[in-house]
Amino acid sequence: MLLSCNDWLELMPEDSTIEEEFWKNGNQVESVVRACYRYMQEDNLMQRIILWGELRSDEVQNGASISASETDIINAKVKSSNPYCDWASFYTVINDCNKVLEFAPAVRQLDANFSEATCQAYMAEAYTLRALCYFYLLRTFRDVPLVLESSKTDEHDYNVSNRDTAAWISYYALPIDAAAFTAEAYPLVDQEHYVIDRMIDDLKTAREYAATEWESEAESHGRVTRRAVEALLADYYLWRASVNQPIDASRATDDYRQCIALCDVVVSETAEMEEAEFVEGANILSDVFYTGNSGESIFELNFTTNGHANNATATLYGNTLKSRNPHLLAAVSVQALFNQNKANSDEADYDYRSKDFFNAKDNHIFKYEGQTPPAEFSSRSATYTYRGASSQANWIFYRLADIYLMKAEALAQIAESAEEISNVVALCNKTYIRACTDNADVKDSISHAAYSSPSDVQRLVLAERQRELMFEGKRWFDLLRLARREGNVADSWQYLESRYDEDVTTIRNKMTSIEAWYLPIYFNETKINGNLRQNTYYESQDE
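Another point: the overall build of the protein chain. What the protein chain contains, in helices and strands, is 22 helices and 6 strands. Among the 543 residues that make up the protein chain, the fraction classed as buried is 57%. Entry remark: accessible area of the protein chain is about 21400 Å², with carbon and sulfur atoms responsible for 45%.

Residues in a regular strand project their side chains so that they alternate between the two faces of the sheet. The buried fraction of strand E2 (residues 297-301) is high, at 5 of 5 residues. The pairing of E2 with strand E6 (residues 395-399) spans 4 bridges and is classified as antiparallel. In the strand pairing of E6, Glu300 is matched with Ile396.

Membership of the largest hydrophobic core comes to 169 residues, with the highest contact counts inside it found for Tyr134, Leu137, Tyr236, Trp395 and Phe397. Ranked by the residues each element gives to this core, the list is headed by helix H7 (residues 116-141), at 17 residues. Beyond its immediate sequence surroundings of up to four residues, Trp395 is in contact with Met46, Ile49, Ile50, Tyr136, Glu300, Leu301, Phe303, Thr313, Tyr368, Phe471, Glu472 and Gly473.

Bringing unusual backbone geometry into the picture now. Where the residue is not glycine, phi is negative for most of them; where a peptide bond is considered, it is trans in most cases. The phi dihedral of Tyr368 is positive, around 85°, even though this residue is not glycine. Locating Tyr368 in the fold gives a position in the loop between helix H15 (352-356) and strand E4 (370-372). Under the relative-accessibility criterion, Tyr368 is labelled buried at 0%. A positive phi is found at Asp503, a non-glycine position, where the angle reads about 55°. The exposure class assigned to Asp503 is partly exposed, which follows from its relative accessible area of 47%.

Quick look at the pattern of salt bridges now. Per the stated rule, a full pass over the model turns up 41 salt bridges. The closest approach of N and O atoms between Arg484 and Glu192, which form a salt bridge, is 2.8 Å. Of the two residues, Arg484 is situated in helix H19 (residues 475-486) and Glu192 in helix H9 (residues 191-209); the sequence distance between them amounts to 292 residues. Grouping residues by exposure puts Arg484 and Glu192 together as buried.

This brings us to empty space enclosed by the protein. Taken as a whole, this structure holds 1 cavity of 30 Å³ or more when the rule is applied. In this structure, the largest cavity encloses a volume near 110 Å³. Lining the largest cavity are 16 residues, and of these Tyr136, Arg139, Asp235, Tyr398 and Lys474 lie nearest its centre. Residue assignment for the lining of the largest cavity shows that the elements contributing at least two residues are H7, E6, helix H16 (400-414) and H19.

With that settled, the discussion passes to helix H4 (residues 43-54). Because the α-helix completes a turn every 3.6 residues, residues three or four places apart line up on one side. If you check H4, its first and last C-alpha atoms are 16 Å apart, about what 12 residues at 1.5 Å a residue would give, namely 16 Å. The element H4 is extensively covered by neighbouring structure, given that 10 of its 12 residues are classed as buried. Within H4 the residues assigned to the buried category are Leu45, Met46, Gln47, Arg48, Ile49, Ile50, Leu51, Trp52, Gly53 and Glu54.

Another aspect to go through is the environment of Gln41. Following the sequence through the fold, Gln41 ends up in the loop between helix H3 (26-40) and H4. By relative accessible area, which is 2% here, Gln41 ends up buried. Placed 269 residues apart in sequence, Gln41 and Asn310 show a C-alpha to C-alpha distance of 7.1 Å.

The rules we used
- Residues numbered from 1 in each chain as written.
- Predicted model: local features only at pLDDT ≥ 70, side-chain atom pairs only at ≥ 80, totals over all residues.
- Heavy atoms only, no water.
- Helix = DSSP H or I, 4+ residues; strand = E, 2+ residues; numbered from the N terminus.
- Buried < 20%, exposed > 50% of the residue type's maximum accessible area, 1.4 Å probe, protein only.
- Areas by Shrake-Rupley, 256 points an atom, 1.4 Å probe, with all protein chains shown as cover.
- Pairing = 2+ DSSP bridges.
- Core = buried A, V, L, I, M, F, W, Y, C linked by side-chain atoms within 4.5 Å.
- Contact = heavy atoms within 4.5 Å.
- Salt bridge = Lys/Arg side-chain N within 4 Å of Asp/Glu carboxyl O.
- 1 Å grid on protein atoms, 1.4 Å probe; cavity = no way out; pocket = protein on both sides within 12 Å on 5 of 7 lines; lining within 4 Å.
- Points joined across faces, edges and corners; volume = space filled by probe spheres on them.
- Expected span 1.5 Å × (residues − 1).

Here it is as structure tokens:
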């Protein structure tokens, strides 16, 4: 019998005193794995996935229902008491992942029908979901506690440090004790690197054992597969390369090459899949975002198959059929990305994304909650039809377009020859050309001649990532990655400045420090856990 995620949750132990009595067969292991996905669908976690990746970016503006807490973050007035600094929902998922990794191997000895391959595939899911949660945490807070053991009892000691020097020394096998450690002597050893490196290790293990596919097409997109592991691992390498670039350019180059190689593998594996396809431009909205589990999907949270509501996209982006007014609107500036004023003669006028991802008339975000956009570019002012009250949008973590552009970004950082630079443009054209109308009079590609230097293609990649991936919870992290790569926020701030009409100088002054681009640790966490240190920028901030 096929059970929903809610049914699996009912099978899980609710009392910590019977935790160890629970793990007796493979079905129970799977129930906890499925619970990890189910907890990721909770509103608290889903809203943070979107807000942490979009709220402060240059591609959104305030909507009618935006809250005071959200506005404070936008205006660089965030305090540690802000509810969106609460990371508890992520550590709930991490705790269940830890349970799977701790208890699943022993179940093999108790259940003869629970095969080694199945056990390893479940553990690969747990490794990957845990790494995904930490990826959001470290990009939002930077220094976060690395919890690798589950809470087995109500009295479990969770006072884990987010500046765990002893753990760093042990993991990196440094020939010193904690008292002798200095950041100057070991610039690539800190909590951020420690979490990144541990998660990369875990993902390498997960890659070896992850399932190539599951029983249904929906599950093959909605559960972790080898391609999902490789996509997340490539993203980790891209992030670590950017963090390391101002410190050790050689190591950064190695990581960029690792990212490129993994992207090539994902593209190759996707091409071998029977149902895989790069969706045509006219069908991106309907196939990728409305229906979900499309041929270009690599990993997405499936809300449509289990009946659990995706309230986050409806709440934050709005949906008239669900009586939701948006917290966020598309920024006016995103319209210029599609060159409706023909500012750059080398790029096409007609791009489906400019019509289907948002409503240019009222700036409402249509991606995810939209069902049917206007059929013609000339009728942008026509009615946009939203998905119905019972229709739920999946949330996409990775799709093929992201892989092409991830590779493009990594290649743009190490490109030197004219051929390498041209290859970056070609990768951007993968998404750009497919998004443009098939009308022969207006179909066009990004001109190779217009982007002939490394800096040219680096800007191009950032722009094409925004065109393709807008409102998917990635833009803020793209700008932060740029700041980390350059070791300062000057270029990243240039994208953000146009967002502000008031207090621009005050906000700019606050945002000159990269530390201010991270959020403070929630005040309740620092009260409960005496080993947590507040993020540097906020240590002296009044609460």
